[in-house]
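# Observations on chain architecture
Each chain, written out:
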Amino acid sequence: MQRRKFLKKSSLTTAGLISAPVLASCKTENKPEMAASAITPAIKPIAICTWNFMNATAKAWEVLNEGGNALDAVEQGVMIEEADVTNETVGKGGRPDRDGNVTLDACIMDKDGNCGSVVYLQNIAHPISVARKVMEETPHIILAGKGAEQFAYEQGFKKEDLFTESTRKQYEEWKKTSKYETTINIENHDTIGMLAIDEKGDIAGACTTSGMAYKVAGRVGDSPIIGAGLYVDNEVGGATATGVGEEVIRTVGSFLIVELMRQGKSPQEACEEGVKRIMKKNEGRKDFQIGFLAINKQGETGGYCVHPGFTYREYSEKGHENRQVESFYQD
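Note that the structure is a prediction, hence the values are computed from the model and not measured. (Residues numbered from 1 in each chain as written. Predicted model: local features only at pLDDT ≥ 70, side-chain atom pairs only at ≥ 80, totals over all residues. Heavy atoms only, no water.)

Turning to the side chain of K215, a few remarks are in order. Following the sequence through the fold, K215 ends up in the loop between β6 (203–209) and β7 (230–233). The side chain of K215 sits in the buried core without any salt bridge; D105 is the nearest counter-charge, 4.6 Å away. Here S210 takes part through its backbone oxygen, which lies 2.9 Å from a polar atom of the side chain of K215. Apart from residues lying up to four places away in sequence, K215 is in contact with P96, D97, R98, T103, Y180 and S210. (Helix = DSSP H or I, 4+ residues; strand = E, 2+ residues; numbered from the N terminus. Buried < 20%, exposed > 50% of the residue type's maximum accessible area, 1.4 Å probe, protein only. Lys, Arg positive; Asp, Glu negative; His and termini not counted. Salt bridge = Lys/Arg side-chain N within 4 Å of Asp/Glu carboxyl O. Polar contact = N/O pair within 3.5 Å; in protein donor to acceptor, adjacent residues only side chain to side chain. Contact = heavy atoms within 4.5 Å.)

The sheet built from 4 strands is open, its strands ordered β7-β8-β9-β10 with antiparallel pairing. Edge positions in the sheet fall to β7 and β10 (301–305), since each of these pairs with one other strand and no more. Direction aside, neighbouring strands of the sheet carry axes that sit 10 degrees apart on average. Relative to strand β8 (residues 237–243), β7 runs antiparallel, the two being bridged by 4 bridges. Pairing of Y231 across the sheet is with A239, part of β8. Each of β9 (290–296) and β10 is contacted by helix α10 (residues 267–280), which is oriented at about 20 degrees to β10, the strand it contacts most. (Pairing = 2+ DSSP bridges. Axes fitted to C-alpha atoms, helices over the stretch in contact; angles between N-to-C directions.)

Helix length check: helix α4 (residues 70–83) (14 residues) gives 20 Å between terminal C-alpha atoms against 20 Å at 1.5 Å per residue, within 8%. For α4, the complete set of buried residues consists of A70, L71, A73, V74, E75, G77, V78, E81 and E82. Contacts from the buried residues of α4 go to α3 (54–65), β2 (104–109), α5 (127–137), β5 (192–197) and β6. Between a side-chain oxygen at the N-terminus of α4 and the backbone nitrogen of L71 the separation is 3.1 Å; the capping residue is N69. (Expected span 1.5 Å × (residues − 1).)

Moving on, we come to unusual backbone geometry. Trans peptide bonds make up the majority, and among non-glycine residues the majority have a negative phi. The backbone of W51 shows a phi angle near 65 degrees, a positive value even though the residue is not glycine. Note that W51 resides in the loop between β1 (46–50) and α3. The buried category is assigned to W51, whose relative accessible area is 1%.

A few words now on the sheet that holds β1. Within the open sheet, the 8 strands sit side by side as β4-β3-β2-β6-β5-β1-β11-β12. Their pairing is mixed. Only two strands of the sheet have a single partner each, and these edge strands are β4 (142–144) and β12 (319–324). Ignoring which end each strand starts from, the neighbouring axes of this sheet average 10 degrees apart. When β1 meets strand β11 (residues 311–316), the two strands line up antiparallel, connected through 5 bridges. Note on β11: the bridge partner recorded for I48 is E314. Lying over the sheet, α5 contacts β2, β3 (115–121), β4 and β6, oriented at roughly 130 degrees with respect to β3. Of the strands in this sheet, β3 and β4 touch helix α6 (residues 145–154), which is tilted by about 105 degrees from β4.

Written out as structure tokens, the structure is:
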């Protein structure tokens, strides 16, 4: 059942309780707001993503440059990395958990605040597209594990072996010691979070990952959690995160950054404050990386991280470039 039909049915019994005068007053109150938004100048399209995923932003820009919407742009952009088997932290070819299962997490959020998420999804190469189906075809936001996988099959997704020859060999080698530790800036690749603004000035975001390599079975990080790994408010802007998700979840990092922008901070200032909040709770720790990326309604961008090395890729009419960001520690 589509979300729209579900909500329509569930609301029929309550619609009659709302009086005509109340409806009329609501309609009147919305007029000035609509008029104000109508005169807001259109923002020129832009796509940004965590790390130097130039093929992902190139695809997103292709969608935007042809007049496509931000939601399609971010989905199709991150799908490029989900399909890239040489990227061992996202999609097919992602490293497994310690039990040998490749499990994927993803979420997506549109201009209206609608969102969808899948956690601990197995055997499906494009979790971002399943997350979008959760958003559009169900009354829910998050589907997990076997339930998410079954839903994906019902939506027409094909079962695939997500292991590659490389990741299988790495896993067999890891089992000899079974030592677990986080690695900072894994090959300059990690979770991909993407934000875009289309020609109408609307914002959308997507985030997808295979999570920490050799994690405890069942572990879920920040990437599929709305407000942690990703958050979009079409009135203000959007933010996304990469790195050790546990620390992002503790501060609801992406939501925090968007709210800081609402209070008047620039994307850069908001990202810096987001990292500093985390480090205040982890004074002296240097064994993890966090990177935040943000964009505001005016198309201004910013990023900040714990350790040097985090970058973000930006594509707009001004060009296509990889941007280095400042860090809390100057290693």
